[in-house]
Amino acid sequence: MTPSEIQSIKQRFGIIGNAPSLNYAIQVAAQVAPTDMTVLITGESGSGKESFSKIIHALSPRKHGQFIAINCGAIPEGTIDSELFGHEKGSFTGAQEARKGYFEVTNGGTIFLDEIGEMPLGTQARLLRVLENGEFIRVGSSKVQKTDVRVVAATNVNLLDAVREGRFREDLYYRLNTVPITVPPLRERGDDIYLLFRKFATDFADRYRVKPISLTSDAVQELQRFRFPGNIRQLKNVAEQMSVLETEREVDSRRLRNYLPADQSSRLPMLVSAAGSATDGAGNAYSERDLLYKVLFDMRRDMTDLKKLVLDLAGGQRPQEAQELLRQNSHLFTNVSVAPYDGNPAAARPLRPAPTDGATSDYILNSRELTVMMRLIMKTKPIGWRILRTRRKRKPFPLKPRKRR
């Protein structure tokens, strides 16, 4: 397919961008459109998957037939069979008359099933029969009906993971994945981000009758570095906000950051080595066992910090009850380098020397330590202890026996 043909498809369907991955996805959609093969479009939410389904329908022999886009995740599980395949009168509560389903209405056309991964397993079995034989049965009927519908599905989840977890049928996955099309996320499209921003800024300037927003060079670099987890939908929202709220029509990087979420580090993927173990930013590999040990040692360090906090609260002008409680439970503070009930801070000494050979101590976390330390905190904080002591348990609501008439 020539670049001029790809460009004409972009102009016809309003697609902006020159990224190689985007051009390849358009080329695959145009090549598969004249056939009746089932297509599975994968991509993140907001990346424009529905546009590719429209390309496939418009360039196919079914272009004069009906095109219906259905969001499988937006239809309740109890009614999705009725919506897709129809129902007979009286088949369930509220079915006052017979109704045609989407597969019957779009006979001879194309049906786009978005978020196919959210479809219930029972409905997946019905869909598989439609794909294999072109047959379906209405809800509450025993009559087999025929339909000639092309199915284009889309998902933003990994269906292979859903198959392994038992949430998606394996036979349906391979039946849908006849021709896969991958829509690239916005962060992988490079200069297309600024092109899309200029297009959205011009559109919103015409809608709100204002001057279009322009970006400085440093703002353009800041915009292209942003990850955009919401993809094109998020970029469009940012352009609309700036078109309405900005008083200055030229925006620099400092003002642009006000419209971009600051916390993006938690959404970065974890690096995985070739052996399958997770790695940190420095490239150090961690197995599952190492990660579990790391979590346990972090919990132990937090417990030690909590003990030191208890000792600080019990220090100074301590109540006599807290001193006595510390003396009775001094074995709980063996891994803390400060004696818990020594009156002179300068004379503080470890109750038991810490191991120097790298070995771990025989200290075990248990609920008794937490109970004792909470008692220490409450005894050093009379107000909190008084609040806890004044709480009363609610009595269950008395059920009166029903009188017989």
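Per chain, the residues get numbers from 1 upward, laid out in the order the sequence is written. Local features in this predicted model are restricted to residues whose pLDDT is 70 or higher, and side-chain atom pairs enter the listing and the counts only when it is 80 or higher, whereas totals over whole chains, interfaces and linings include all residues. Side-chain numbers here rest on the full set of heavy atoms in the structure, without hydrogens or water.

Student: I'd love a proper account of the overall build of the protein chain, names of residues and values included.
Tutor: When you go through the protein chain residue by residue, the secondary structure sums to 16 helices and 12 strands. In the protein chain, which comprises 405 residues, the share counted as buried stands at 38%. Long-range contacts, defined as pairs at least 24 residues apart, comprise 68% of the intrachain contacts of the protein chain with a sequence gap of at least 6. For the protein chain, the accessible area works out to roughly 25,000 Å², and carbon and sulfur atoms hold 51% of it. Strands here mean DSSP runs of E at least two residues long; helices mean DSSP runs of H or I at least four residues long; both are numbered from the N terminus. Only protein chains enter the calculation, and the probe is 1.4 Å; a residue is then buried if its accessible area is under 20% of its type maximum, exposed if over 50%, and partly exposed in between. Throughout, a residue-residue contact means that at least one pair of heavy atoms, one from each residue, lies within 4.5 Å. Here the Shrake-Rupley method, with its probe set to 1.4 Å, supplies the accessible areas, and only the displayed protein chains count as covering residues.

Student: Which residues make up the pairing of strand β1 (residues 39-42), and what are the values?
Tutor: In this analysis, strands are considered paired if DSSP registers two or more bridges between them. Of the pairings in the sheet, the one linking β1 to strand β6 (residues 150-155) comprises four bridges and is parallel in character. Note that in β6 the partner of V39 across the bridge is V152. Strand direction decides the pairing type here: β1 and strand β7 (residues 179-182), joined by four bridges, are parallel. The partner of I41 across the bridge, within β7, is I181.

Student: Before we move on, can you summarise the environment of I137 with the specific residues and values?
Tutor: Take I137: it is sitting in strand β4 (residues 135-137). It is 8.1 Å that separates the C-alpha atoms of I137 and G86, two residues lying 51 residues apart in sequence. Leaving out residues up to four positions away in the same chain, I137 has contacts with F85, R126, R129, S142, K143 and V144.

Student: Account for the side chain of R138, with residues named and values stated.
Tutor: Along the polypeptide, R138 turns up in the loop between β4 and β5 (144-146). Only 3.1 Å separates the side chain of R138 from the side chain of E104, close enough to count as a polar contact. Filtering out sequence-adjacent residues up to four positions away, R138 remains in contact with F85, G86, H87, E88, A98, R99, K100, E104 and Q145. Each polar contact in these results corresponds to two N or O atoms within 3.5 Å; when the atoms are within protein, one needs to be able to donate a hydrogen and the other to accept it, and residues that are neighboring in sequence are counted only if both atoms are side-chain atoms.

Student: A description of a nonpolar patch on the surface should follow, citing residues and the corresponding values.
Tutor: A cluster of nonpolar side chains, namely Y293, V295, L296, F297 and M299, defines an oily patch on the protein surface of about 480 Å² accessible area. By the secondary structure assignment, Y293 is in helix α13 (residues 288-314). Each patch is built from residues that are more than 30% exposed by relative accessible area and take part in no salt bridge. Like charges join if they lie within 9 Å; nonpolar side chains (Val, Leu, Ile, Met, Phe, Trp, Tyr) join within 5 Å. For salt bridges, the criterion is a side-chain nitrogen of Lys or Arg within 4 Å of an Asp or Glu carboxyl oxygen.

Student: Can you break down helix α1 (residues 3-13) residue by residue, with the values?
Tutor: Restricting attention to buried positions, one finds in α1 the residues I6, I9 and K10. The buried residues of α1 all sit within an arc of 100 degrees when viewed along its axis, so they share a single face. Residues of α1 that are exposed and point more than 90 degrees away from the buried face comprise S4, Q11 and R12. Buried residues in α1 make contact with α2 (20-32) and α3 (49-58). Note that the arc is computed from the directions linking the helix axis to the C-beta atoms.

Student: Lay out the packing of aromatic side chains in plain terms, naming residues and giving numbers.
Tutor: Ring pairs shown here join Phe, Tyr and Trp side chains whose ring centres sit within 6.5 Å, with only the six-membered ring taken for Trp; geometry is labelled stacked below 30 degrees between planes, edge-to-face above 60, and tilted in between. All chains considered together, the criterion is met by five aromatic pairs. Considering the side-chain rings of Y173 and Y174, the 5.1 Å spacing of their centres and the 70 degrees angle between planes classify their relative orientation as edge-to-face. According to the relative accessible area criterion, Y173 is buried, its value standing at 11%. The class for Y174 is exposed, based on a relative accessible area of 52%. Two limits define a charge over a ring: the Lys NZ or Arg CZ must be within 6 Å of the ring centre, and within 35 degrees of the ring normal. Stacked on the ring of Y102, the Lys or Arg R99 has its end atom at 5.8 Å from the ring centre.

Remember that the coordinates give geometry; whether it matters functionally is a separate question.
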